[in-house]
Amino acid sequence: PAPAPAPAPAPAPADSKSTNVRLMGELKQAVKAGLDPNTNLVMGLVDSNNLDDWYCDKVYTDDPSATAQQKRIFEGLREHNTDRVRYRMRFCKDYPFKPPFVYLHYPHLQGGVNIFSRGGICAQQISQQEGNGWSPALNVKTLMVALTTLPETYSGVHVKPGKYEPHTEEGARNDFSRIEQIHSVNGSGWSQKKQSS
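Attention in this report is confined to the structure presented alongside it. These figures come from a predicted structure and were not determined experimentally.

## Re the pattern of salt bridges
A side chain of one charge can pair with a side chain of the opposite charge if their charged atoms are brought near each other. For the structure on display, the rule yields 15 salt bridges. Ionic pairing is found between aspartate 94 and lysine 98, a salt bridge with its closest N-O pair at 3.9 Å. Judged by relative accessible area, which is 38%, lysine 98 ranks as partly exposed. Taking the shortest distance from any N to any O, the salt bridge between arginine 118 and aspartate 175 comes out at 3.3 Å. Highlighted residues: arginine 118 in the loop between β5 (109–110) and α3 (140–149) and aspartate 175 in helix α4 (residues 169–184), separated in sequence by 57 residues. For arginine 118, a relative accessible area of 35% puts it in the partly exposed group. Residue classification places aspartate 175 among the buried positions, given a relative accessible area of 0%. Salt bridges sharing common partners tie together Asp53, Arg88, Arg90, Glu169 and Arg173.

Spelled out as structure tokens, the structure:
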């Protein structure tokens, strides 16, 4: 019998140049869109000289059709004299084969099970564990629509009152290490029940 065909090689990780091309394309679309009225998201670079560091703001308005949870977040934001929750994204040279690192920056959200105490986000879409949600077919906008909607699905989520510093990338990465450990216990992956912050 004829030998079995060799398996197709896995795609090579993106190098810095191909990552930059992909990110520039996504950034151009995001900036062109400005504030997307369908998602209430606005995205851009934290530093115009650094393509790897993005922000994504979820804007909340005094919308009569908003859910009770969206209204609760909106009221909490008003106490901080803002109308938005800011997330930060850090891209690696292997994007889009690996997801960006995403965390909550400011203000802090409490009362849900997907945002930990230092800003780490528990979400399958950004897991570094193989086969756990992220796909190169996803893009920044699709990912951030999913992640920024998550807090709105938990009825107890609210904006933390008082004065405090924004979450840092270092603190959020420590959170995320815990999150990945939780979901790798006994090989249970993301089927294991999420734990709250």
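Additional details are given in the paragraphs that follow.
## As for helix α1 (residues 16–33)
If you check α1, its first and last C-alpha atoms are 25 Å apart, about what 18 residues at 1.5 Å a residue would give, namely 26 Å. Those residues of α1 that sit buried are Thr19, Leu23, Glu26, Leu27 and Ala30. Along α1, the residues classed as buried sweep out an arc of 105° about the axis, all on the same side. For α1, the exposed residues lying more than 90 degrees away from the buried face are Lys17, Val21, Lys28, Gln29 and Lys32. In this structure, the buried side of α1 is in contact with β1 (41–45), β2 (53–59) and α3. Note on α1: the residue one or two positions beyond its end, glycine 34, has a positive phi of about 60°.

## Description of the pairing of β2
Where burial is concerned, most of β2 is hidden: seven out of the seven residues are buried. Residues Asp53, Tyr55, Asp57 and Val59 line one face of β2 and the alternating positions Trp54, Cys56 and Lys58 line the opposite face, and both faces are buried. Taken together, the seven bridges between β2 and strand β3 (residues 84–90) define a ladder with antiparallel strand orientation. Within β3, the position partnered with lysine 58 by the bridge is valine 85.

## Some remarks on α4
Here α4 is 16 residues long and its end C-alpha atoms lie 22 Å apart, about the 22 Å a rise of 1.5 Å per residue gives. Those residues of α4 that are buried are in contact with β3 and β4 (101–106).

How each quantity is defined
- Residues numbered from 1 in each chain as written.
- Predicted model: local features only at pLDDT ≥ 70, side-chain atom pairs only at ≥ 80, totals over all residues.
- Heavy atoms only, no water.
- Salt bridge = Lys/Arg side-chain N within 4 Å of Asp/Glu carboxyl O.
- Buried < 20%, exposed > 50% of the residue type's maximum accessible area, 1.4 Å probe, protein only.
- Helix = DSSP H or I, 4+ residues; strand = E, 2+ residues; numbered from the N terminus.
- Expected span 1.5 Å × (residues − 1).
- Arc of directions from axis to C-beta.
- Contact = heavy atoms within 4.5 Å.
- Pairing = 2+ DSSP bridges.

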